[in-house]
Amino acid sequence: MAGPDVLDLWDLRVREHADTPALVTPQRVLTYRSVDRLTDSWAGSLAARGAGPGRLVGLAFPDPGRTVLGMVAALKAGAGFTVLDDRLPAAARDALVRRTQAAVWLGDGAHAPATAYVPAGPGDTGGGTTDADGSARPQPLRAATGGDVAYVLFTSGSTGQPKGTVVERDALGRFAAAVTERLELAPGDRWLQVCSLGFDVLIEEVFPALVSGAAVVCRAGTRALDAEELHTTMARTGTTVVELSTQYWLEYTRWLDARGLTTPAELRLVVVGGERMDPRPYRDWQARQPARLAHVYGLTECTVTSTFYTGRLPADAEEVPLGTPLRDVEISVRRDGRPVPRGETGEIHIGGPLLARGFLGDEAATARRFVPDPLSAVPGARVYTTGDLGRIDADGNLVFLGRLDDQVKIRGHRLEPARVERALCENPAVGQAVVFPDPRTGTVLWAFTVPADPRLAPRPGEAVRVTGAERDAFVAPLAAHLPDWAVPRVLFRVSVLPKNPHGKIDKRRLGDWVAASGTATAAPGQRPDSADAPAAVAGVGAGPESSGEPLSTVVDLFRDVLGAPALGPDDDFFEHGGQSLLAMRLLARMREAFPAAAGLRASALFRCPTPRLLAGALPATGTARP
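Residues numbered from 1 in each chain as written. Predicted model: local features only at pLDDT ≥ 70, side-chain atom pairs only at ≥ 80, totals over all residues. Heavy atoms only, no water.

Here's the deal with the pattern of salt bridges
Put simply, the rule is: By definition, a salt bridge exists where a carboxyl oxygen of Asp or Glu is found within 4 Å of a side-chain nitrogen of Lys or Arg. Numbering goes from the N terminus for both helices and strands, where a helix is a DSSP run of H or I of at least four residues and a strand is a run of E of at least two. Per-residue accessibility, obtained with a 1.4 Å probe over protein chains only, is compared with the maximum for each type, and a residue is labelled buried under 20%, exposed over 50%, and partly exposed between these values.
If you walk through the whole model with that rule in mind, you get 30 salt bridges. Between D226 and R591 there is a salt bridge, with its nearest N and O atoms 2.8 Å apart. Residue D226 is found in the loop between β9 (215-217) and α7 (227-237), and its partner R591 is found in helix α16 (residues 580-593); the two are separated by 365 residues along the sequence. Across the pair, exposure class does not vary: D226 and R591 are buried alike. With a closest N to O distance of 3.5 Å, R335 and E344 form a salt bridge. Exposure remark for E344: the relative accessible area of 35% places this residue in the partly exposed category. Because the salt bridges share partners, they merge into one network encompassing D36, D40 and K76.

Right, here's the structure in full:
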């Protein structure tokens, strides 16, 4: 039996809480009544342009608030929606636009297709371009059924192009109601929207709040907030619930601990997921912070989140559990197609009505991953084979134990390394390549390449850092087609990819080579022990230009955050593995070290990516604290 449509739940909240805030933006607060009227008008405009059941509305706003309005309006028109991430390179954006074949595009960002527009609202409160025909229906008809598409969002795939996951309206409605129930959301709650707009967590940040009478709190733009900005934004807006990736949460935890602070008074719940969680910081948080934690596990193909763990972690727990399933989610651990006894390891399978329809335009991939469930008594039941290893513990909680394949998680995103490795090998100078997350932080990709010309290979057992123009030649083609998080930021050249006794590439040994080589750099064909090598690896202290404050302190901070002891004053943060989460950490350390750095934000690092430039950007009072 179908569950309630997500808009039936919305209509109920509009009737019960018409004057309660539904959408909070830096510019204004919109009540449920206001959002309902505005999205009715937008939906009428969409329907007049061909949006309806079985069709998609594309959203390409740089404004999270308008994105939320567009999602609701598309559903009201009977259509589904897809969201175009403004951080994608142009080629990747164009490819997704072609694949979705959206009937209409809304948006006003630089990344929006040429046909995109912004509908007028009642009295033009929506802003932007007015419809050419001025048409709008006060009460759009919703002819869609539970089996019609609600949204399509894209995940990385092993085939060389992202997979578009098609989620139906029935799954979305059930999911929103189940999360509301599990997290006890209620009118008065405020859920801060922080994830990138192309990521499926957006669905969890928006719809459970809107069907519970709570408010969605939106930022001014899509730029990532650093830890201090996150904290002050939550305090200023009265945020009660926020969802953070594991690495983002760890950065926020470090920031709070460094300042002896606790979470804002109104914040009651922090939802954390996307990567394995270490028990130590989890316990430390529960001992120090008033806001509760919810550890979550889920996949885009199963409508965002399938399990929640909200209890206190036992002192002897070696893993943070993934928790128990939401209502309408079926979790089983199987080996060779059969359930294993509790406590034993197997592949995690997910079933129930929250499963996606499948992958957009890819019946073969859909058939491989969404398979008939012979153990279910429900006719036509399917189960999704996750590729994740797990077990059910004595308390009935799911515990994650790793992957069956080589798929990895980078900053909450799933990635098939083979996709990046194939792209690297398209460079004629590369004979072989392997890609994996750096062992220290797990937040950035390392790439190891074997030169096609053996004369350019370093000595066996050495890993030579690739920098400058050579690195740019490797990275630029990848950056043109892959999202930022999927582009390797640290590259090494080796003579061979070592194998372990099982015949697989020995990634641990590669990491040991890096440590033994001290992250040395060299030009192609130059060995680190050549006459030029000292200049290539020289760091702070090599000359008078690097001996003073604040430069020497800034270089030390760069080295510590990036784990690059040979980094010099003119080395680029982003070329040495820097990314948004490490940028947050570096700027937090800068503010601790220099009183004048109190106002530094992430944008400063993009303008001044080297220690010398960043030190020069400090006001004259930038002397380090003693």
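Concerning the nonpolar core
Let me state the cut-off plainly: What is meant by a nonpolar core is a set of buried Ala, Val, Leu, Ile, Met, Phe, Trp, Tyr and Cys residues, joined one to another through side-chain atoms within 4.5 Å. We call two residues in contact when some of their heavy atoms are within 4.5 Å.
Judged by nonpolar contacts, the single largest core of 87 residues is most densely connected at L46, F81, Y151, L183, I203, F207 and L210. In this structure F81 touches L56, V57, L59, M71, A74, L75, A150, Y151, V152, I203 and F207, once residues within four positions along its chain are discounted. V194, A215, Y252 and W255 belong to the second-largest nonpolar core, a separate cluster that totals 32 residues.

Looking at the pairing of strand β4 (residues 80-83)
Keep this limit in mind: Whether two strands pair comes down to DSSP finding at least two bridges between them. A clockwise path from the first strand over the helix to the second, with the strands pointing away from the viewer, defines a right-handed crossover.
Because side chains alternate across β4, one face comprises the buried residues G80 and T82, and the other comprises F81 and V83, equally buried. Where strand β3 (residues 56-60) and β4 come together, 4 bridges link them in parallel fashion. The partner of V57 across the bridge, within β4, is F81. Read as a crossover between parallel neighbours, the route from β3 over helix α3 (residues 64-76) to β4 is right-handed.

Section: helix α5 (residues 169-183)
Quick note on the threshold: Expected span, for any helix, means 1.5 Å times one less than how many residues it has.
When the terminal C-alpha atoms of α5 are compared, their 21 Å separation across 15 residues agrees well with the 21 Å that a helix rising 1.5 Å per residue should span. When you tally the buried positions in α5, you get 13 out of 15 residues, the bulk of the element. Once α5 ends, the next one or two residues include E184, with phi positive near 55°.

Some remarks on the packing of aromatic side chains
Stated precisely, the cut-off is as follows: Whether two aromatic rings pair depends on their centres lying within 6.5 Å, for rings of Phe, Tyr and Trp, where Trp uses its six-membered ring; planes under 30 degrees apart make the pair stacked, over 60 edge-to-face, and the rest tilted.
Applying the stated criterion across every chain, the model contains 18 aromatic pairs. Ring centres of Y252 and W255 lie 6.4 Å apart, and the angle between their planes is 15°; on these two criteria the pair is classed as stacked. Residue Y252 and its partner W255 are both found in helix α8 (residues 246-259); the two are separated by 3 residues, about one turn of the helix. Classification of Y252 as buried rests on a relative accessible area of 1%. With a relative accessible area of 6%, W255 lands in the buried category. With 5.5 Å between their ring centres and 10° between their planes, F436 and F448 make a pair best called stacked. Placement of the pair is F436 in strand β24 (residues 430-437) and F448 in strand β25 (residues 445-451), with a sequence separation of 12 residues. The exposure class of F436 is buried, given its relative accessible area of 5%. Residue F448 is classed as buried on the basis of its relative accessible area, which comes to 0%. Aromatic rings pair up to connect W249, Y252, W255 and W285 into one cluster.

Digging into the pairing of strand β15 (residues 330-335)
On a regular strand, one side chain projects to one face of the sheet and the next to the other, so that they alternate. With 5 bridges connecting them, β15 and strand β17 (residues 346-351) associate as antiparallel partners. Following the sheet pairing, I331 is matched in β17 by I350. Judged from the 2 bridges that link them, β15 and strand β16 (residues 338-339) form a sheet pairing that is antiparallel. Bridge pairing in β16 links R335 to R338. Count of turn residues in the β15/β16 antiparallel hairpin: 2 residues, of which D336 carries a positive phi of about 55°.

Thoughts on unusual backbone geometry
Of note in this structure, T303 is not a glycine but carries a positive phi near 65°. On the secondary structure map, T303 appears in the loop between β12 (292-297) and β13 (307-309). The exposure class assigned to T303 is buried, which follows from its relative accessible area of 0%. Phi angles above zero are rare outside glycine, and D336 is one such case at about 55°. Relative to the helices and strands, D336 resides in the loop between β15 and β16. A relative accessible area of 78% places D336 in the exposed class.

Let's talk about helix α1 (residues 6-16)
Here is the rule: Picture the helix axis, draw a direction to every C-beta atom, and the arc is the one those directions span.
Within α1, burial applies to V6, L7, L9, W10 and V14. All buried residues of α1 fall inside an arc of 150° around its axis, so they share one side. Tucked into the core, α1 has its buried residues touching α2 (32-48), α3, α5 and α6 (201-212).

Some points on the environment of V149
Mapped onto the elements of the fold, V149 is located in strand β6 (residues 149-155). Using a relative accessible area of 7% as the deciding quantity, one classes V149 as buried. Residues V149 and R55, spaced 94 residues apart in sequence, show a C-alpha to C-alpha distance of 7.7 Å. Not counting residues up to four positions away in its chain, the partners in contact with V149 are G54, R55, L56, A79, G80, V166, V167, E168, R169 and R357.

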